[in-house]
Amino acid sequence: MHILRPQFRIEEPRALEFARQRGFGMIVAADERGPHASHVPFVLDQRDGRAIVQIHFTAKNPLVPLADGNRRFLLIVAGDDAYISNDWYASPDNVSTWLYEAVHLSGVAHLRGLDENRGHGDALLAVAESRLPKRPWDLAQMEPEKRESMLAAIRVIDLVVDTVDGQAKLNQHKSDADHIAVADRLAQSEETGHRRLAQKMQTLRPGLAYRTS
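The present account deals with the structure reproduced in this document. This structure is a prediction, so every number in the text was calculated from the model and none was measured. (Residues numbered from 1 in each chain as written. Predicted model: local features only at pLDDT ≥ 70, side-chain atom pairs only at ≥ 80, totals over all residues. Heavy atoms only, no water.)

## As for the overall build of the protein
Reasoning step 1: Within the protein one finds five helices and eight strands.
Reasoning step 2: Seen in sequence order, the protein has helices and strands lined up from the N terminus as β-α-β-β-β-β-β-β-α-α-β-α-α.
Reasoning step 3: Dimensions of the protein along its principal axes, counting C-alpha atoms only, are 60 × 45 × 30 Å.
Reasoning step 4: Here the analysis covers contacts within the protein between residues at least 6 apart in sequence; of these, 72% occur between residues at least 24 apart.
Reasoning step 5: For the protein, the exposed area adds up to about 12300 Å²; of that, 53% sits on carbon and sulfur atoms.
Reasoning step 6: Taking the 27 positively charged and 29 negatively charged side chains of the protein as two groups, their mean positions are separated by 1 Å. (Helix = DSSP H or I, 4+ residues; strand = E, 2+ residues; numbered from the N terminus. Contact = heavy atoms within 4.5 Å. Areas by Shrake-Rupley, 256 points an atom, 1.4 Å probe, with all protein chains shown as cover. Lys, Arg positive; Asp, Glu negative; His and termini not counted. Charge placed at Lys NZ, Arg CZ, Asp CG, Glu CD.)

Here it is as structure tokens:
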């Protein structure tokens, strides 16, 4: 008998696509004093068959000197999450919990040259602006002197991904009745993230008698 676990691994192609669509995460690395972290937008691309995450920091960020071509960085990309009360289930005596999706990408970080700053800025803006219902804004529209000053103040880093760990907890180990009950609760939430989780739960088990689809 196959037993569904509380969490399940997200396959690597789906995990990379999840990260690419999110485009924002927390990058972490450690030195002798302990861990350092920054919240960053990023561009995820494929080069020579490898996944590359490109990010930028301000030049004075303590993570910059750690991108020495040897040290490992971790990028944490979180999706939607939701608290699930124990009385939302159809069956009794369940434990309250959290549903979530998250992807961890790790590998060695490499500091890029200043001549790559403009290309990174253009790529990052192209991805972010494409998500908005308007004509895209780009760096060419910025006053040149201010643009060059801004670009000179950042450092670009490539994270060469060699480990992909994606996990999701979407009530997949519960009975159909409990799965429906929680999905229906989330579908009625005022929070858009909760409703997105409800849609993913419905996709995970299609054909059940959900109240909202």
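Here the narrative resumes, following the displayed structure.
## Looking at the packing of helix α4 (residues 176–187) against helix α5 (residues 192–204)
Reasoning step 1: Contact geometry for α4 and α5: axes closest at 7 Å, N-to-C directions at 150 degrees. With respect to their mutual orientation, α4 and α5 come out roughly antiparallel. As for how α4 packs across α5, the hand of that crossing is left-handed. Facing H179, V182, A183, L186 and A187 of α4, the residues of α5 in contact are H194, R195, L197, A198, M201 and L204.
Reasoning step 2: A breakdown of the residues in the contact of α4 with α5 according to their chemical character gives eight nonpolar, two polar and one charged. (Axes fitted to C-alpha atoms, helices over the stretch in contact; angles between N-to-C directions. Parallel < 35°, antiparallel > 145°, perpendicular 65-115°, else oblique. Left-handed = near helix turned anticlockwise from the far one by under 90°. Nonpolar A, V, L, I, M, F, W, Y, C, P; charged D, E, K, R; others polar.)

## Details of the layout of surface pockets
Reasoning step 1: Computed from the structure, the largest pocket encloses a volume of approximately 360 Å³.
Reasoning step 2: Counting only elements with at least two residues in the lining of the largest pocket, the list comes to β1 (8–10), α1 (12–22), β6 (68–84) and α5.
Reasoning step 3: Split into classes, the residues belonging to the lining of the largest pocket amount to five nonpolar, three polar and seven charged. (1 Å grid on protein atoms, 1.4 Å probe; cavity = no way out; pocket = protein on both sides within 12 Å on 5 of 7 lines; lining within 4 Å. Points joined across faces, edges and corners; volume = space filled by probe spheres on them.)

## Description of α5
Reasoning step 1: For α5, spanning 13 residues, the distance from its first C-alpha to its last is 18 Å, which sits close to the expected 18 Å at 1.5 Å a residue.
Reasoning step 2: Tucked inside the fold, the buried residues of α5 contact β6, β7 (97–111) and α4. (Expected span 1.5 Å × (residues − 1).)

## Observations concerning the side chain of H36
Reasoning step 1: For H36, the position within the fold is in strand β3 (residues 34–41).
Reasoning step 2: The class for H36 is buried, based on a relative accessible area of 17%.
Reasoning step 3: At 2.9 Å, the side chain of H36 forms a polar contact with the side chain of D31. (Buried < 20%, exposed > 50% of the residue type's maximum accessible area, 1.4 Å probe, protein only. Polar contact = N/O pair within 3.5 Å; in protein donor to acceptor, adjacent residues only side chain to side chain.)

## What about α4?
Because each turn of an α-helix spans 3.6 residues, side chains separated by three or four positions end up pointing in the same direction.
Reasoning step 1: In this model α4 runs 16 Å from its N-terminal to its C-terminal C-alpha over twelve residues, within 8% of the 16 Å that 1.5 Å per residue would give.
Reasoning step 2: Summarising burial for α4: nine of the twelve residues are buried, a large majority.
Reasoning step 3: Taken residue by residue, α4 has D178, H179, I180, A181, V182, A183, D184, L186 and A187 as its buried positions.
Reasoning step 4: On the buried face of α4, the contacting elements are β6, β7 and α5.

## Details of the environment of H39
Reasoning step 1: Take H39: it is sitting in strand β3.
Reasoning step 2: Residues H39 and I76 lie 37 residues apart in sequence; the distance between their C-alpha atoms is 9.3 Å.
Reasoning step 3: Setting aside its immediate chain neighbours within four residues, H39 contacts F24, G25 and M26.

## Some words on the side chain of Q172
Reasoning step 1: Considering the arrangement of structural elements, one finds Q172 in the loop between β8 (154–169) and α4.
Reasoning step 2: Judged by its relative accessible area of 3%, Q172 is buried.
Reasoning step 3: Among the polar contacts made by the side chain of Q172, one reaches the main-chain amide nitrogen of L170 at a distance of 2.6 Å.

## Brief notes about the nonpolar core
A general trend in soluble globular proteins is that nonpolar side chains are found buried together.
Reasoning step 1: In terms of nonpolar packing, the biggest core is built from 43 residues, with I27, V53, F57, F73, L75, L105 and L186 touching the most fellow members.
Reasoning step 2: At the level of elements, α1, β2 (24–31), β5 (50–58), β6, β7, β8, α4 and α5 are the ones that each hand at least two residues to this core.
Reasoning step 3: With residues up to four places along the chain from it excluded, the contact list for L105 reads L16, A19, L44, V53, F73, L74, L75, L159, V161, T163 and V164. (Core = buried A, V, L, I, M, F, W, Y, C linked by side-chain atoms within 4.5 Å.)

## Quick notes on unusual backbone geometry
Reasoning step 1: Positive phi, normally seen in glycine, also occurs at D93, with a value near 60 degrees.
Reasoning step 2: Residue position: D93 is located in the loop between β6 and β7.
Reasoning step 3: Its identity as a non-glycine residue notwithstanding, N171 has a phi of 65 degrees, on the positive side.
Reasoning step 4: Looking at the secondary structure, you find N171 in the loop between β8 and α4.
Reasoning step 5: For N171, a relative accessible area of 1% corresponds to the buried category.

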